[in-house]
Amino acid sequence: GNEGTNAVKKDPASEAKKENPSKMSVADTSVREKVEVFSKIKSEIKTLGFISSNVDAAVTVIRNDENNTYLKLVVKNKSSLPFKLDFISFQYYQDMKKGSFRKSKKAPLDVFPIAEPTIKEIVPNKSEALSYVIPAYALANNGYLMVLIRESAGDRVLKIKIEGSVIQAATQLTMSKK
């Protein structure tokens, strides 16, 4: 088969045929099944988030499997404009121990979700639970994952910092069929 190729053809006809009940755009069916299980997990974490005038956001569940980290992000749009999900991005920060010429010892690494919500925006005064799957990354002791959320109106970037130790301590996502 040619599943290994990275060329993802955006063919609208074939896109429409795919049945995708879980509101996720995912290439890998096993990941999709995991996301369905993951998305049903109730919020567990209360400490990772922020509140701003336009947006409240929090990471409420973290799970890992062999290859990926699953994050549930609850975003509440408090503004009068739709909040666009393409304002959300992820970066790993790793401690650079090598004597690099940069003063900051943290080098960001952009992370692209392998699964993300298919909804494109959150309507005003609504809150959505968004499931993201990002490639797992072995973070050093003080590396961390940053969730960056740009406020739709302004250019203010709100950040949720998740320590690498928190991600490593997260429960494994298991597929026990209930």
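Residues numbered from 1 in each chain as written. Predicted model: local features only at pLDDT ≥ 70, side-chain atom pairs only at ≥ 80, totals over all residues. Heavy atoms only, no water.

## Here we look at the overall build of the protein
Logical step 1: In terms of regular secondary structure, the protein is built from three helices and 13 strands.
Logical step 2: In the protein, once contacts between residues fewer than 6 apart in sequence are set aside, the share between residues at least 24 apart is 61%.
Logical step 3: By element, 55% of the accessible surface of the protein is carried by carbon and sulfur atoms, the whole surface being about 11,000 Å². (Helix = DSSP H or I, 4+ residues; strand = E, 2+ residues; numbered from the N terminus. Contact = heavy atoms within 4.5 Å. Areas by Shrake-Rupley, 256 points an atom, 1.4 Å probe, with all protein chains shown as cover.)

## Considerations on the nonpolar core
Inside soluble globular proteins, nonpolar side chains tend to come together where they are buried.
Logical step 1: If you look at the biggest cluster of nonpolar residues, it comprises 30 residues, and the most contacted ones within it are Leu73, Ile88, Ile160 and Ile162.
Logical step 2: At the level of secondary structure, the elements contributing two or more residues to this core comprise β3 (55–64), β4 (68–77), β6 (88–95), β10 (126–135), β11 (144–150) and β12 (157–163).
Logical step 3: Top element by residues in this core is β3. It accounts for four residues.
Logical step 4: When neighbours within four sequence positions are excluded, Leu73 is seen to be in contact with Ala58, Val59, Ile88, Glu128, Ala129, Leu130, Tyr132, Val147, Ile149 and Ile160.
Logical step 5: Counting residues in each nonpolar core, the second largest holds nine residues, with Ile41, Val61, Ala115 and Leu173 among its members. (Core = buried A, V, L, I, M, F, W, Y, C linked by side-chain atoms within 4.5 Å. Buried < 20%, exposed > 50% of the residue type's maximum accessible area, 1.4 Å probe, protein only.)

## Focus on the packing of aromatic side chains
Logical step 1: Applying the stated criterion to the full structure yields four aromatic pairs.
Logical step 2: An angle of 10° between the planes, with centres 5.0 Å apart, marks the rings of Tyr93 and Tyr144 as stacked. Taken together, the residues span a long stretch of sequence, with Tyr93 in strand β6 and Tyr144 in strand β11 at a distance of 51 residues.
Logical step 3: Over the face of the ring belonging to Tyr144 we find Lys161, whose NZ or CZ atom lies 4.2 Å from the ring centre. (Phe/Tyr/Trp six-rings, centres within 6.5 Å; stacked < 30°, edge-to-face > 60°. Lys NZ or Arg CZ within 6 Å of the ring centre and 35° of its normal.)

## Focus: the pairing of β6
Logical step 1: With seven of its eight residues buried, β6 lies for the most part within the structure.
Logical step 2: Where β6 lies against β11, six bridges are found, and the strand directions are antiparallel. Note that in β11 the partner of Ile88 across the bridge is Ile149. (Pairing = 2+ DSSP bridges.)

## Concerning the environment of Val37
Logical step 1: Considering the arrangement of structural elements, one finds Val37 in helix α2 (residues 29–39).
Logical step 2: Exposure remark for Val37: the relative accessible area of 30% places this residue in the partly exposed category.
Logical step 3: Considering only alpha carbons, one finds Val37 and Met175, 138 residues apart in sequence, at a separation of 7.3 Å.

## Points about the environment of Ile149
Logical step 1: You can see Ile149 is positioned in strand β11.
Logical step 2: Each C-alpha atom, one on Ile149 and one on Val55, is 9.1 Å from the other, the two residues being 94 residues apart in sequence.
Logical step 3: Beyond its immediate stretch of four places on either side in the chain, Ile149 contacts Phe50, Ala57, Leu73, Phe83, Phe87, Ile88, Arg156, Val157, Leu158 and Ile160.

## Some details on unusual backbone geometry
Logical step 1: Here Asn125, not a glycine, exhibits a phi torsion of approximately 60°, which is positive.
Logical step 2: Note that Asn125 resides in the loop between β9 (121–122) and β10.
Logical step 3: By relative accessible area, Asn125 is classed as exposed at 63%.

## Remarks on α2
Logical step 1: Three or more residues of α2 are buried, namely Val31, Arg32, Lys34, Val35 and Phe38. Projected onto a plane normal to the axis of α2, the buried residues spread over an arc of 160° and lie on a single side. (Arc of directions from axis to C-beta.)

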